[in-house]
Amino acid sequence: MNISEFIPQEITKEIENTSFTWQTPSNIALVKYWGKTNPQIPKNASISFTLNNCHTITTVDFQKKSKSELDATSYTQIDFDLFFEGKKKEEFKPKIAEFFKRVQAYCPYIFDYKMTINSENSFPHSSGIASSASGLSAIAMCLMSLEKQLNPALENEFINKKASFLARLGSGSASRSIEGPLVVWGKNSSVEDSSDLFGVKFNKKVAAIFNNYQDAILLVDKGEKQVSSTVGHNLMNNHAYAKVRFEDANKNLENMAMILQNGDVKAFVSLVESEALTLHAMMMTSHPYFILMKPNTLKIIDKIWQYRVENESNICFTLDAGANVHVLYPENEKESVNAFIAKELAVFCQNNQYILDNVGLGAKQL
Ligand code: DP6
């Protein structure tokens, strides 16, 4: 697919005022995206589970500008207001303004409207859970709902693909927050139709053990991110181990594609944990270097490993670019692992806080 296919050719309807609400999920990568080139092209392919409970709900109101308003700004001004949990949030605006700038060539209709964005997350803000994936995918879906009203001939498949394409331009991982339960983003030979431009559903038949997989998110550190993802990704430029990492990640994705189909859960555990530790190893070996794990992150990992051996469990962990731990386990271990988390891991979380989640199916219009 060529990017020019995302530039609307036809606007067949006049729409004055309209409004859409979308709920879009967060996701957790099994094979990580870490390293990119402009414009938001990943250095390696990644795959994630879409989450069910961690999501953003966003409403965008579109109000058509008058001709005089449009004339006054030469049809080139993007106007929006942003509210988060009911409060105006000027500090969130630059990221969204940058997003609109990056998508304007593909959504030229945004110049015609004054947009009011109202957003809220199901998870506590500044819980250390990245909200950029769910946040930007929600706005992308609202834009695509407007585009569908302007051009009713658009098909759902195209809408999801373009929404993922737009979301990617806001935040790479957001491209994986449109569909579910598993999404691949980045060109990889083992996944037909995979692309650097948008996420695609992992369409092969997945072994039963991976259905309704569980993810408990342990909130070890709820503070602001120590390293923004843009800074983090940039550290992969001129990184001594980058080339090997990108090759490995692509191989890991090929292996993960097989594991998901053959149900080799032991191989899953070892690949997922290795990916998480490799991501952190990249940060520890960049210049400047960072340790994003906290002492409690390591205590949790140690407990998980102990529990796995003692209970012949398939529990494992993964990490994003922070100290929080995602504990992953099959549905058939839900009761025992949830009890273990409550009894032995919650003490390592800030205010004993953690979120029980499971794999979900993607964006929903409300
Ligand atoms: C460690 O998607 O937040 O979570 O494209 O700069 O917005 P930007 O980065 P972002 O990076 C996420 C990185 C990660 C791994 C992953 O989700 O694959």
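Residues numbered from 1 in each chain as written. Predicted model: local features only at pLDDT ≥ 70, side-chain atom pairs only at ≥ 80, totals over all residues. Heavy atoms only, no water.

S.K.: What am I meant to see in the nonpolar core here?
M.R.: What tends to happen in soluble globular proteins is that the nonpolar side chains get buried as a cluster. With 80 residues, the main nonpolar core has Ile 47, Phe 100, Met 115, Leu 143 and Phe 268 as its most contacted residues. Of the residues forming this core, the biggest block, 10 residues, is contributed by helix H3 (residues 132–150). Each of domain 1 (3–204) and domain 2 (212–358) gives at least three residues to this core. Discounting residues that sit within four places of it in the chain, Leu 143 has contacts with Phe 62, Phe 99, Phe 100, Val 103, Cys 107, Tyr 109, Ile 110, Met 115 and Leu 166. Val 220, Leu 319, Tyr 329 and Leu 345 belong to the second-largest nonpolar core, a separate cluster that totals 22 residues. (Core = buried A, V, L, I, M, F, W, Y, C linked by side-chain atoms within 4.5 Å. Buried < 20%, exposed > 50% of the residue type's maximum accessible area, 1.4 Å probe, protein only. Helix = DSSP H or I, 4+ residues; strand = E, 2+ residues; numbered from the N terminus. Domains from an automatic or database assignment. Contact = heavy atoms within 4.5 Å.)

S.K.: Could you clarify how one ought to interpret the site of the ligand in this entry?
M.R.: In the neighbourhood of the ligand, 17 residues make up the surrounding shell, with Tyr 33, Lys 36, Ser 171, Gly 172 and Ser 173 lying closest. Residue Arg 176 places a side-chain N or O atom 2.8 Å away from an oxygen atom belonging to the ligand. Between the ligand and Ser 229 there is a distance of 3.1 Å, counted from an oxygen atom to a side-chain nitrogen or oxygen. Compared with its free state, where it exposes 460 Å², the ligand has 95% of that area covered by protein. The dominant element in the shell around the ligand, judged by the number of residues it contributes, is helix H5 (residues 229–234), at three residues. Partitioned by chemical class, the residues of the shell around the ligand number five nonpolar, eight polar and four charged. For the shell around the ligand, the domains that each give at least three residues are domain 1 (3–204) and domain 2 (212–358). (Near = heavy atom within 4 Å. Polar contact = N/O pair within 3.5 Å; in protein donor to acceptor, adjacent residues only side chain to side chain. Areas by Shrake-Rupley, 256 points an atom, 1.4 Å probe, with all protein chains shown as cover. Nonpolar A, V, L, I, M, F, W, Y, C, P; charged D, E, K, R; others polar.)

S.K.: Explain the side chain of Glu 147 to me, please; I cannot follow it from the model alone.
M.R.: Checked against the element boundaries, Glu 147 lands in helix H3. Within the local environment of Glu 147, its side chain forms a polar contact with the side chain of Lys 162, the two groups lying 2.7 Å apart.

S.K.: Quick question: what am I supposed to make of the side chain of Arg 308 here?
M.R.: As for its position among the elements, Arg 308 is in helix H8 (residues 295–311). Reaching out from Arg 308, the side chain makes a polar contact with the side chain of Glu 273 at a distance of 2.8 Å. Arg 308 has contacts with Val 269, Glu 273, Ser 313, Ile 315 and Cys 316, leaving out every residue within four places of it along the chain.

S.K.: Would you explain the domain arrangement of the protein chain in this entry?
M.R.: Partitioning the protein chain into structural domains gives domain 1 (3–204) and domain 2 (212–358). For domain 1 and domain 2, the distance between their C-alpha centres works out to 26 Å. Counting the surface lost from both domain 1 and domain 2, the interface buries some 3,300 Å², and carbon and sulfur atoms represent 65% of this. Contact with domain 2 buries area across many residues of domain 1, yet Leu 30, Lys 32 and Trp 34 alone supply 25% of it, more than any other trio. Put simply, domain 1 and domain 2 have one salt bridge between them. When the shortest N-O distance is used, the salt bridge between Asp 320 and Lys 32 registers 3.3 Å. (Buried area = accessible area lost by both parts, 1.4 Å probe. Salt bridge = Lys/Arg side-chain N within 4 Å of Asp/Glu carboxyl O.)

S.K.: Teacher, can you tell me more about H8 here?
M.R.: Compared with the 24 Å implied by 1.5 Å per residue over 17 residues, the 24 Å span of H8 between its first and last C-alpha is a close match. Buried residues of H8: Thr 297, Ile 300, Ile 301, Ile 304, Tyr 307 and Arg 308, and no others. In an axial view of H8, the angular spread of the buried residues amounts to 130 degrees, which keeps them on one side of the axis. What points out from H8, more than 90 degrees from its buried face, is the exposed set Pro 295, Leu 298, Val 309 and Glu 310. (Expected span 1.5 Å × (residues − 1). Arc of directions from axis to C-beta.)

S.K.: What's the story with H3 in this structure? I'm lost.
M.R.: The periodicity of an α-helix, 3.6 residues per turn, causes residues three or four places apart in sequence to face the same way. In this model, H3 (19 residues) spans 27 Å end to end at C-alpha, consistent with the 27 Å of a helix rising 1.5 Å per residue. H3 sits mainly inside the fold: 17 of its 19 residues count as buried.

S.K.: What am I meant to see in the layout of surface pockets here?
M.R.: Over the atoms a probe the size of a water molecule is rolled, and this reveals where empty space is left. Taken as a whole, the second largest pocket spans an internal volume of roughly 410 Å³. As for the second largest pocket, its lining consists of 16 residues, of which Lys 161, Asp 193, Val 200, Lys 201 and Asn 203 are closest to the centre. Elements supplying a minimum of two residues to the lining of the second largest pocket: helix H4 (156–170) and strand E9 (199–201). Looking at the lining of the second largest pocket residue by residue, the class counts come to five nonpolar, four polar and seven charged. (1 Å grid on protein atoms, 1.4 Å probe; cavity = no way out; pocket = protein on both sides within 12 Å on 5 of 7 lines; lining within 4 Å. Points joined across faces, edges and corners; volume = space filled by probe spheres on them.)

S.K.: How should the pairing of strand E12 (residues 325–329) be read in this particular structure?
M.R.: Two faces belong to every sheet, and in a regular strand the side chains alternate between them. The buried fraction of E12 amounts to five of the five residues, a majority that puts the element mostly inside the structure. Burial of the side chains of E12 extends over both faces: Val 325, Val 327 and Tyr 329 are buried on one face and His 326 and Leu 328 on the other. Judged from the five bridges that link them, strand E10 (residues 214–218) and E12 form a sheet pairing that is antiparallel. Bridging from a neighbouring strand, Ile 217 pairs with His 326 of E12. Strand direction decides the pairing type here: strand E11 (residues 316–319) and E12, joined by four bridges, are antiparallel. Each residue of the ladder has a partner; that of Thr 318, found in E12, is His 326. The loop that links E11 with its antiparallel partner E12 comprises five residues. (Pairing = 2+ DSSP bridges.)

S.K.: Looking at this structure, I do not really get the packing of helix H2 (residues 93–103) against H4. What am I missing?
M.R.: In a packed pair of helices, the relevant descriptors are the angle between the two axes and the axis-to-axis distance. Between H2 and H4, the least distance of the axes is 8 Å, while the angle of their chain directions is 130 degrees. Here H2 is positioned oblique relative to H4, judged by the angle of their axes. For the element pair H2 and H4, the recorded crossing hand is right-handed. Across the interface between the two elements, Lys 95, Phe 99, Arg 102 and Val 103 from H2 touch Leu 166, Ala 167, Leu 169 and Gly 170 from H4. By residue class, the composition of the contact of H2 with H4 is five nonpolar, one polar and two charged. (Axes fitted to C-alpha atoms, helices over the stretch in contact; angles between N-to-C directions. Parallel < 35°, antiparallel > 145°, perpendicular 65-115°, else oblique. Left-handed = near helix turned anticlockwise from the far one by under 90°.)

S.K.: So what exactly am I meant to see when it comes to the packing of aromatic side chains here?
M.R.: Within a pair of aromatic rings, the relevant descriptors are the distance that separates the centres and the angle that separates the planes. Under the criterion given, the structure shown has 17 aromatic pairs. Ring geometry for Phe 84 versus Phe 92: centroids 5.5 Å apart, planes at 65 degrees, classification edge-to-face. A connected cluster of aromatic rings, assembled from ring pairs, spans Phe 6, Tyr 106, Phe 158, Phe 165 and Phe 198. In this arrangement the basic side chain of Lys 89 is found over the ring face of Phe 92, its NZ or CZ atom lying 5.7 Å from the centre. Residue placement shows Lys 93 over the ring face of Phe 80; its charged tip is 4.9 Å from the ring centre. (Phe/Tyr/Trp six-rings, centres within 6.5 Å; stacked < 30°, edge-to-face > 60°. Lys NZ or Arg CZ within 6 Å of the ring centre and 35° of its normal.)

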